[in-house]
Amino acid sequence: MSAPDLPLTPEDVAEIAAILDGTAYERLDVTTARFRLRVARDGHGYTQEWTFADDSAPGVIAPEAAAEAETGPVIRAPLPGTFYRAPAPGAPPFVEAGAQVTPETVVGIIETMKLMNPVYAGIAGTIDAIVVDNATMVAKNAVLMRLSGPGA
Amino acid sequence: MIRRLFIANRGEIALRVIRTAKAMGMVTVLGASEADARSLPALSADEVVIIGPAPSSHSYLNIAAVVSAAKAARADAIHPGYGFLSENAAFAAAIAEAGMVFVGPALDSLHAMGDKLMARTVGIAAGLPVVPGGETADKAAARAQAERTGYPLLLKAVSGGGGRGMKRVDAPDQLDAQIDMAMAEAQAAFGDPRVYVERYIARGRHVEVQVLGDGHTAIHLGTRDCSIQRRFQKLVEEAPAPLIPADARATIEHAAVRLAQHLRYKGAGTVEFLVDAETFEFYFLEMNARIQVEHPVTEAITGVDLIEQQLLIASGARLSLRQTDVDPRGHAIEVRINAEDWRADFRPSPGQVMRAAWPAGPGVRIDSHIASGGEVPPYYDSLIGKLIVTAATRAEAVTLLANALDRLTIEGVDTTRDLHRAIAADARFVAGGVDTRFFEGLDFRGPVA
């Protein structure tokens, strides 16, 4: 796993910027089998841009859910993360099927990057079905619940 | 002597530790989760061990998994970074039991400071002033304590840090809902749902003192100001804390050293104070028994490599620095570039960074694990890099910061860059010495592009 040509230290980058400073060149590219570094002049200073060979491998992030064809009103995940139906383990769920909600009703929580993000219904209506289990990883825009409209 | 160092962390701090450890001639072994197997720290370490699946509870927070991986990798010592298990006494004990060195303070210091309530008690014992407040075993106790403390108040996680599980409550009718949220966050982030109540001091500045101790003597490396926060999480940090009279600053620094000496503290630590923005009265908040995210601003003005000091002290060395050797020069400012949509209430914005062009040049330091093509997984916190600028004066540092932010480009995820541009252009920030309410008065439109 070790990469013998890594790392170029911040001091190395500063030195490259200093070398460029005394020249008419706009940028300097360093390319090895494992990385590419571009140090470029930009306005009052310089930028450094790194690309690493391994980073082109497929990611581990849950992709954004394809916008599923939904005929009725739904509540979608506002961001990717772990969906929780209750505010705490063992606590009663925010909503059950049959509950009436307004746009401001909190219907669940999504834990992303260690933060608990409330999920608001966003629309008024009656919860018909909760389609995601508690403590499930969901993608952004995944359908969490189906509703019937206030007049339905 | 540490020959093989295991790094039990991820992101920019893992990379930061790897750099110094390699420069000191150590072999670096990174314990990474499956989600971080191809991260920049993993590419940079001499060896990588996968410690578990992506969720922190199965990897970076799993004491048995981390300790056995380090043992199997024949590590002499474990550096915990910040967050995760860095202040976990059970982790430190398990490391000692496995015959390795924990790069951090002794167990009794972790016990004394790992729990904010205990920290209050120890702070009082060391003669430091503290903010009025107290413990709450459950909701009923919280209500009773809230009545005694008065509103507005803060709910804080007993095992907390980094603003997780911390909530401001302005009126009694908000208390129950906020307690639920605070306890859930505290449980998720620290595995300990307990919270306590503290009076909210409106015109407060968050000032902290970097200390180093070797178990015998302790010194300070000056102040940092971290008053610019949102959701109680720091966004901008600078060193030294600006516009504090010399005698008040000396009193605060002295109090921090007194606490470190009281604890016979061993390692790098940060003593946090709430300082009244007008009277400069100060209250001890807590001590962070670990390296801090914002440590580079102290390194910038003192020339001391704090990770190196941690590793030397963990190796058993006495402090080679005396107080008189520490002579802070100039001014440094750090801004945290987070993968967040700050215009949508700082909603996390994980994903793949298509392009990352970071500033470079004189007076500019970047601590980041994110390069073009890098991944920001949804499992961990949102920090993708830190921009640190250093100049002879604060005014020059602010100018350097604004210029550097103009050159920073991150594509693929939302970031806090433009928020920092707005901060750098804010007249109150330019003047210096803002309090923790800074954010409420910020003009979010920012500089005209």
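Reading the values: the criteria
- Residues numbered from 1 in each chain as written.
- Chains lettered and ligands numbered in written order.
- Predicted model: local features only at pLDDT ≥ 70, side-chain atom pairs only at ≥ 80, totals over all residues.
- Heavy atoms only, no water.
- Domains from an automatic or database assignment.
- Contact = heavy atoms within 4.5 Å.
- Buried area = accessible area lost by both parts, 1.4 Å probe.
- Salt bridge = Lys/Arg side-chain N within 4 Å of Asp/Glu carboxyl O.
- Helix = DSSP H or I, 4+ residues; strand = E, 2+ residues; numbered from the N terminus.
- Buried < 20%, exposed > 50% of the residue type's maximum accessible area, 1.4 Å probe, protein only.
- 1 Å grid on protein atoms, 1.4 Å probe; cavity = no way out; pocket = protein on both sides within 12 Å on 5 of 7 lines; lining within 4 Å.
- Points joined across faces, edges and corners; volume = space filled by probe spheres on them.
- Nonpolar A, V, L, I, M, F, W, Y, C, P; charged D, E, K, R; others polar.

A.B. asks: Could you give an account of the domain arrangement of chain B, naming the residues involved and the relevant values?
C.D. replies: Where interface size is given, it is often the accessible area lost as the parts come together that is meant. All names here are of chain B. Along its sequence, chain B is organised into domain 1 (4-103), domain 2 (132-199) and domain 3 (204-441). Between domain 1 and domain 3, the C-alpha centre-to-centre distance is 23 Å. Contacts between the two partners involve 31 residues from domain 1, matched on the other side by 26 residues from domain 3. In total, about 2,100 Å² of surface goes out of reach between domain 1 and domain 3, with carbon and sulfur atoms giving 64% of it. The largest share of the area that domain 1 buries against domain 3 comes from Glu12, Arg16 and Tyr82, three residues that together contribute 28% of it.

A.B. asks: Describe the pattern of salt bridges, with residues and values.
C.D. replies: Residue and element names in this part refer to chain B. All told, the structure shown has 41 salt bridges over all chains when counted by the stated rule. With a shortest N-O distance of 2.9 Å, Glu198 and Lys156 are connected by a salt bridge. Of this pair, Glu198 sits in strand β9 (residues 195-199) while Lys156 sits in strand β7 (residues 153-157), placing them 42 residues apart in sequence. The pair Glu198 / Lys156 is uniform in exposure class, with both members buried. Put simply, Glu440 and Arg168 hold a salt bridge, and the shortest N to O gap is 3.5 Å. Of this pair, Glu440 sits in the segment after α14 (427-431) while Arg168 sits in strand β8 (residues 167-169), placing them 272 residues apart in sequence. Residue classification places Glu440 among the exposed positions, given a relative accessible area of 59%.

A.B. asks: Now, about empty space enclosed by the protein: what can you tell me, with residues and values included?
C.D. replies: Residues and elements named next belong to chain B. Scanning the model with the defined rule gives two cavities of 30 Å³ or more in all. Here the second largest cavity defines a volume of roughly 80 Å³. Asp225, Ile228, Glu238, Phe429 and Val434 are the residues nearest the centre of the second largest cavity, which is lined by 14 residues in total. Listed by contribution, the elements that provide at least two residues to the lining of the second largest cavity are β11 (218-230) and β12 (233-239). The element contributing the most residues to the lining of the second largest cavity is β11, with four residues. When grouped by side-chain class, the residues that make up the lining of the second largest cavity number six nonpolar, three polar and five charged.

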